[in-house]
Amino acid sequence: MPERRTVALVTLGCARNEVDSEELAGRLAADGWELVESAEDADVAVVNTCGFVEAAKKDSVDALLEANDLKDHGRTQAVVAVGCMAERYGKELADALPEADGVLGFDDYADISNRLQTILSGGSVEAHTPRDRRSLLPLSPVERQKAATAVALPGHGASAAAEAPETPEAPAAPENVPTDLPEGLAPASGPRAPLRRRLDTSPVASVKLASGCDRRCSFCAIPSFRGSFVSRRPSDVLNETRWLAEQGVKEVMLVSENNTSYGKDLGDIRLLESLLPELAAVDGIERVRVSYLQPAEMRPGLIDVLTSTEKVVPYFDLSFQHSAPDVLRAMRRFGDTDRFLELLETIRSKAPTAGARSNFIVGFPGETEADFAELERFVTHARLDAIGVFGYSDEDGTEAATYENKLDQDVVDARLAHLSRLAEELTAQRAEERIGETLEVLVESFDEEADGWIGRAAHQAPETDGQVLLPADSAEGLDLAPGRMVRAKVVDTEGVDLVADCCDLLGAPQTSGAEEAGR
């Protein structure tokens, strides 16, 4: 009998990292590793790190140290770092953190099982050597797809055409998918099972739409370690969505560094507009949500699809970052307060209750008091449902780190505190505007302390935005459970969170493939 090998994946950072962890889990499970939830129950603890900003990097180091402590009094024998921080710093991280038994980059993911086995057996695996991943693919997007097959793209994994008696035909790609794609990019002749294993039972799951980014924002290091923008082929996205629906998933969230660029390397920058209705038509899926949209790349056709397609939620996660023209130009970005407000007005003219959120950086080098006042003006008039505010800090290898006119830290901190307070007030006001609205809420869990069900409406993305509390007494007789959709009327607010009374259950409950197999 083969020796039992257990592994736990600890995931930090964004939804893209969560997808990467589930791909790693799929690879490991396929090679006989037993997946366990807690690091203390695992032979190997794999920490999927975040390398975006200093706070995230600190959280990653803390998680690695915490896992390392388990080696003294638990089952854990090895701790391995993967993910963005490991990719970005590699050997530097290994030298600074000897507690990590391995530091693996994206290129190691395809052989993750052997890497972990070597470490678990007492051997050593050379720490990843960082490189600028933008240099790995052709500069021209249309020349990338064929070359991309030789480059590690976490979250893009799909097995070879798999036997699947229940679905003998591969899902068709949208009608306007180019027919002259490079070899290997045309839809597979048979269904391609996703190389993925779910790590939770949530009715919500993210799907990678693309990887990398071609934008050169002066404050952001992500393109250097995530690489150039590469779209996944539509057939893979569709197949993965179908597979998730079979696992009981009701909402899929499309994630990438920039979803508005999807398809540009496949010969059709409007490919997202044709893909979304296909995803919404997948049996069992109740919601399709698109995240990470670039304001400068928003186009009328995409707005139309996002605001008028059944089961595609009118949700706009727009990366504004600032609104003062001079600051935006220093950030290598485009737009201004009035153009951004006009974009939001266009969206709401088509979908008055559409959700909108964004993040902002304050204290950017050279930001004047007038620039900060302009940002305040935008935030005050934008009526955003959720706002993230970050104080500027230098990031290794970015253009902004070389800028002069850096603001004193106390100025950055004061502006961060001020805009954060304003954002909290404004988003609470926006929530109050929704009192009286009737929402379709996806139920996710039951909160004993609040004595009610917790869910999210169409304008609320998981984790980053608010939620809806459905008091138990209003849900009496509706047989609610995670994954059910319910119509509810907003009666109160708690900050950005809503309180809503249940009206009726939407649709008949469906049994997931996993549940059916267990009967």
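Residues numbered from 1 in each chain as written. Predicted model: local features only at pLDDT ≥ 70, side-chain atom pairs only at ≥ 80, totals over all residues. Heavy atoms only, no water.

Looking at an unreviewed UniProt entry, the protein carries the name Ribosomal protein uS12 methylthiotransferase RimO, with the source organism given as Streptomyces showdoensis. Under the Catalytic activity (unreviewed entry) heading, UniProt states for the protein: "L-aspartate(89)-[ribosomal protein uS12]-hydrogen + (sulfur carrier)-SH + AH2 + 2 S-adenosyl-L-methionine = 3-methylsulfanyl-L-aspartate(89)-[ribosomal protein uS12]-hydrogen + (sulfur carrier)-H + 5'-deoxyadenosine + L-methionine + A + S-adenosyl-L-homocysteine + 2 H(+)". On record in UniProt, under Sequence similarities (unreviewed entry), the comment for the protein is "Belongs to the methylthiotransferase family. RimO subfamily." (UniProt positions renumbered as here; feature names shortened; annotations may be inferred.)

(A) Focus on the overall build of the protein. Along its length, the protein carries 15 helices and 20 strands. Relative to its length of 519 residues, the protein is compact, with a C-alpha radius of gyration of 23 Å against a globular reference of 24 Å. Referenced to the eigenvectors of the C-alpha coordinate spread, the extents of the protein come out at roughly 65 × 60 × 55 Å. Split into buried and exposed, the 519 residues of the protein put 54% on the buried side. Across the protein, every contact between residues at least 6 apart in sequence was considered, and the portion connecting residues at least 24 apart equals 74%. (Helix = DSSP H or I, 4+ residues; strand = E, 2+ residues; numbered from the N terminus. Rg over C-alpha atoms; globule rule 2.2 N^0.38 Å. Buried < 20%, exposed > 50% of the residue type's maximum accessible area, 1.4 Å probe, protein only. Contact = heavy atoms within 4.5 Å.)

(B) The arrangement of helix 5 (residues 112–120) in detail. Within helix 5, burial applies to Ile112, Ser113, Leu116, Ile119 and Leu120. The buried side chains of helix 5 occupy one side of the element, clustering within an arc of 130° when seen end-on. On its buried side, helix 5 packs onto strand 1 (6–11), helix 1 (15–30), strand 3 (44–49), strand 4 (78–83) and strand 5 (102–103). (Arc of directions from axis to C-beta.)

(C) Here's a closer look at the UniProt feature "binding site: [4Fe-4S] cluster 1" (unreviewed entry) in the protein. In the numbering adopted here, UniProt assigns the feature "binding site: [4Fe-4S] cluster 1" (unreviewed entry) to Cys14, Cys50 and Cys84. Maximum C-alpha separation among the annotated residues is 10.5 Å over a sequence range of 71 residues, consistent with a single clustered spot. Within the element layout of this structure, Cys14 appears in the loop between strand 1 and helix 1. Tracing the backbone shows Cys50 in the loop between strand 3 and helix 2 (54–69). By relative accessible area, which is 13% here, Cys50 ends up buried.

(D) Representation of the pattern of salt bridges in the model. Within the structure shown, the criterion is met by 46 salt bridges. For the salt bridge of Glu87 with Arg133, the shortest nitrogen-to-oxygen distance reads 3.3 Å. Taken together, the residues span a long stretch of sequence, with Glu87 in helix 3 (residues 84–89) and Arg133 in the loop between helix 5 and helix 6 (144–148) at a distance of 46 residues. The buried category is assigned to Glu87, whose relative accessible area is 1%. The partner of Glu395 in a salt bridge is Arg88, with the nearest N and O atoms 3.0 Å apart. Taken together, the residues span a long stretch of sequence, with Glu395 in the loop between strand 15 (386–391) and helix 14 (409–433) and Arg88 in helix 3 at a distance of 307 residues. With respect to class, Glu395 is no different from Arg88; both count as buried. One continuous salt-bridge network, built from bridges that share partners, spans Arg383, Asp385, Arg430, Glu433, Arg434 and Glu437. (Salt bridge = Lys/Arg side-chain N within 4 Å of Asp/Glu carboxyl O.)

(E) Region of the structure containing the environment of Arg415. Its place among the elements puts Arg415 in helix 14. Apart from residues lying up to four places away in sequence, Arg415 is in contact with Val362, Glu367, Thr368, Glu369, Phe372 and Leu407. Looking at Arg415, its side chain comes within polar contact range of the side chain of Glu367, at 2.8 Å. (Polar contact = N/O pair within 3.5 Å; in protein donor to acceptor, adjacent residues only side chain to side chain.)

(F) Main features of the sheet that holds strand 14 (residues 355–362). Read from one edge of the open sheet, three strands run 13-14-15, paired in parallel fashion. Every other strand in the sheet has two partners, leaving strand 13 (315–317) and strand 15 as the edge strands with one partner each. Each strand of the sheet is rotated relative to its neighbour by a mean of 10°, with strand direction disregarded. Where strand 14 lies against strand 15, six bridges are found, and the strand directions are parallel. Looking across to strand 15, one finds that Phe360 is bridged to Val389. (Pairing = 2+ DSSP bridges. Axes fitted to C-alpha atoms, helices over the stretch in contact; angles between N-to-C directions.)

(G) Representation of the sheet that holds strand 12 (residues 287–290). Across the sheet, three strands lie side by side as 8-11-12; this open sheet has parallel pairing. Of all the strands in the sheet, just strand 8 (204–208) and strand 12 have a single pairing partner and so form its edges. Each adjacent strand pair in this sheet contributes to an overall mean axis angle of 25°, direction not counted. Where strand 8 meets strand 11 (residues 251–255), five bridges bridge the pair, whose relative direction is parallel. Following the sheet pairing, Lys208 is matched in strand 11 by Val255. Each of strand 8 and strand 11 is contacted by helix 1, which is oriented at about 85° to strand 8, the strand it contacts most. Of the strands in this sheet, strand 8 and strand 11 touch helix 8 (residues 234–246), which is tilted by about 165° from strand 8.

(H) Fine view of the UniProt feature "domain: Radical SAM core" (unreviewed entry) in the protein. UniProt's feature table lists "domain: Radical SAM core" (unreviewed entry) at residues 199–430, given in the numbering used throughout. Between the C-alpha atoms that bound residues 199–430 there is a distance of 34 Å. The span itself is 40% helix and 15% strand.

(I) Just a negative patch on the surface, in detail. A surface patch of negative charge is lined by Glu448, Asp451, Asp473, Glu476 and Asp501. Note that Asp473 resides in the loop between strand 18 (468–471) and strand 19 (485–494). According to the relative accessible area criterion, Asp473 is exposed, its value standing at 61%. (Patch = residues over 30% accessible without salt bridge, like charges linked within 9 Å, V, L, I, M, F, W, Y side chains within 5 Å. Areas by Shrake-Rupley, 256 points an atom, 1.4 Å probe, with all protein chains shown as cover. Lys, Arg positive; Asp, Glu negative; His and termini not counted. Charge placed at Lys NZ, Arg CZ, Asp CG, Glu CD.)

(J) Quick look at the side chain of Arg16. Mapped onto the elements of the fold, Arg16 is located in helix 1. Excluding residues within four positions of it along the chain, Arg16 makes contact with Lys208, Val255, Ser256, Glu257 and Tyr292.

(K) Region of interest: the domain arrangement of the protein. Per the domain assignment, the segments of the protein are domain 1 (6–130), domain 2 (204–433) and domain 3 (437–505). Domain 2 and domain 3 are separated by 25 Å when their C-alpha centres are compared. Between domain 2 and domain 3, the contact holds 19 residues from the first and 20 residues from the second. The junction of domain 2 with domain 3 conceals about 1,500 Å² of combined surface from both sides, 60% of it contributed by carbon and sulfur atoms. It is Val204, Arg287 and Ala431 in domain 2 that bury the most area against domain 3; as a group they hold 30% of the surface buried on that side. Linking domain 2 with domain 3 are two salt bridges, by the criterion used here. Our count for the domain 2 to domain 3 interface comes out at eight residue pairs in polar contact (both at pLDDT 80 or more). Of all elements in the fold, only strand 11, strand 12, strand 14 and helix 14 reach the threshold of two or more residues within the side of domain 2 that touches domain 3. Top element by residues in the side of domain 2 that touches domain 3 is helix 14. It accounts for five residues. (Domains from an automatic or database assignment. Buried area = accessible area lost by both parts, 1.4 Å probe.)

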